[in-house]
Amino acid sequence: MIIGIDGPAGAGKSTIAKLIAKELGFSCLDTGAMYRSIAWKALQEGVALDDVDALGKIAVENEIEFTFDDDADRAQHVFIGGQEVTTVIRTPEVDKAVSPVSAAPSVREALLVQQRRIGSKGNYVVEGRDICTTVFPNAEVKVFLTASAEERARRRMAQNEARGMTDETFEEILADIIRRDEADSTRAVSPLRQAEDATLVDSSDMTIEEVVKTICDLARQA
């Protein structure tokens with residue numbers, strides 16, 4: 001079974017997907033981490049973020065893999081080209097780079113192949129921007145998870161503070177989220193949108209536990 005979760009930046013997709021996977025005994029595929037990995041690699045190699053051919057080359061030549069700890073928390077580790085990038089792909093620099101990278105058709109085409117390769121191996125919770133519309137259009141469960149831009153900015157700021165990243169103000173984070181929403185929803189290839197048969201879940205006034213239960217109930221019904 002595939003549980004697909006789409007939604008805008010900062011909606012909590014990664015956190016929710018991991019909790020659902022733990023609850024149901026599924027594996028978790030964080031496609032956002034895949035695009036972040038390509039963005040990080042591009043920044044490391046000095047590749048221009050508008051050089052779609054060079055970005056696509058990175059995505060084709062570097063296999064992305066996920067591993068999970070064996071303990072109850074099942075912490076996820078992300079690797080690109082055999083190098084672990086779990087932490088370094090969550091910086092403000094990568095936050096700003098990931099939208100142009102994910103808009104590159106060459107990158108999306110290459111990662112689509114990788115995503116389907118991973119997802120074909122079992123029961124997965126898959127989250128991203130175009131999971132239900134493009135990557136797994138036949139997913140048994142489809143969810144569009146969102147929240148207000150202000151709430152998403154508050155969550156991102158708390159997340160950054162927990163990681164010791166205090167350089168950005170709330171206003172800067174909010175502006176970046178609004179910018180990413182615009183970029184993700186207007187890009188030419190696989191824009192962010194709710195699939196016609198997806199269930200809308202607005203988490204603005206919901207607890208994490210309520211969101212997880214809502215989506216798990218959909219999965220059990222399916």
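Residues numbered from 1 in each chain as written. Predicted model: local features only at pLDDT ≥ 70, side-chain atom pairs only at ≥ 80, totals over all residues. Heavy atoms only, no water.

Draft legend 1. Highlighting a negative patch on the surface. Taken together, Glu93, Asp167, Glu171 and Glu172 make up a surface patch of like negative charges. In this structure Glu172 comes out as partly exposed when scored by relative accessible area, which is 41%. (Patch = residues over 30% accessible without salt bridge, like charges linked within 9 Å, V, L, I, M, F, W, Y side chains within 5 Å. Areas by Shrake-Rupley, 256 points an atom, 1.4 Å probe, with all protein chains shown as cover. Salt bridge = Lys/Arg side-chain N within 4 Å of Asp/Glu carboxyl O. Lys, Arg positive; Asp, Glu negative; His and termini not counted. Charge placed at Lys NZ, Arg CZ, Asp CG, Glu CD. Buried < 20%, exposed > 50% of the residue type's maximum accessible area, 1.4 Å probe, protein only.)

Draft legend 2. Inspection of the packing of helix α2 (residues 31–45) against helix α4 (residues 92–103) at higher detail. For the pair α2 and α4, interaxial distance at closest approach is 8 Å and the crossing angle is 105°. Of the possible angle classes, the one that applies to α2 and α4 is roughly perpendicular. Residues Tyr35, Arg36, Ile38, Ala39, Trp40 and Leu43 of α2 form the contact with α4, whose participating residues are Glu93, Val94, Asp95, Ala97, Val98, Val101 and Ser102. Taken together, the residues of the contact of α2 with α4 break down into nine nonpolar, one polar and three charged. (Axes fitted to C-alpha atoms, helices over the stretch in contact; angles between N-to-C directions. Helix = DSSP H or I, 4+ residues; strand = E, 2+ residues; numbered from the N terminus. Parallel < 35°, antiparallel > 145°, perpendicular 65-115°, else oblique. Contact = heavy atoms within 4.5 Å. Nonpolar A, V, L, I, M, F, W, Y, C, P; charged D, E, K, R; others polar.)

Draft legend 3. Spatial organisation of the packing of α2 against helix α3 (residues 52–61). The geometry of α2 relative to α3 is characterised by a closest axis approach of 10 Å and an angle of 120° between their N-to-C directions. Taken together, the axis directions place α2 and α3 in an arrangement best described as oblique. Handedness of the crossing formed by α2 with α3: right-handed. Seen from α2, the contacting residues are Ile38, Lys41, Ala42 and Glu45; seen from α3, they are Leu55, Ile58 and Ala59. Residues that form the contact of α2 with α3 fall into these classes: five nonpolar, no polar and two charged. (Left-handed = near helix turned anticlockwise from the far one by under 90°.)

Draft legend 4. Looking closely at the sheet that holds strand β1 (residues 2–6). Taken in spatial order, the five strands of this open sheet run β2-β6-β1-β7-β8, and their pairing is parallel. Since the sheet does not close on itself, it has two edges, and those belong to β2 (27–30) and β8 (199–202), each with one partner. The mean angle between the axes of side-by-side strands here comes to 20°, regardless of whether they run parallel or antiparallel. Across five bridges, the pairing between β1 and strand β6 (residues 124–128) is parallel. Bridging across to β6, Ile2 finds its partner in Tyr124. Across the sheet, helix α1 (residues 13–24) touches β1, β2, β6 and β7 (141–146), and the angle it forms with β6 is around 175°. Where helix α5 (residues 105–119) meets the sheet, its contacts fall on β1, β2 and β6, and the angle it forms with β2 comes to roughly 175°. (Pairing = 2+ DSSP bridges.)

Draft legend 5. The arrangement of helix α7 (residues 149–162) in detail. When the terminal C-alpha atoms of α7 are compared, their 20 Å separation across 14 residues agrees well with the 20 Å that a helix rising 1.5 Å per residue should span. Within the span of α7, buried status applies to Ala149, Glu151, Arg152, Ala153, Arg156 and Asn160. Gly164, located one to two residues past α7, shows a positive phi value of around 80°. (Expected span 1.5 Å × (residues − 1).)

Draft legend 6. The arrangement of the pattern of salt bridges in detail. Applying the stated criterion to the full structure yields 17 salt bridges. Two residues, Glu45 and Lys41, come together in a salt bridge whose shortest N-O distance is 3.9 Å. Pair noted here: Glu45 and Lys41 are both in helix α2, with a separation of four residues, about one helical turn. Relative accessible area serves as the criterion here: at 16%, Lys41 is assigned to the buried category. Put simply, Glu61 and Lys57 hold a salt bridge, and the shortest N to O gap is 3.0 Å. Of this pair, Glu61 and Lys57 both sit in helix α3, separated by four residues, roughly a single helical turn. On the basis of relative accessible area, Glu61 is assigned to the exposed category, the value being 52%. Counted as one network, the salt bridges with shared partners bring together Glu23, Lys213, Asp217 and Arg220.

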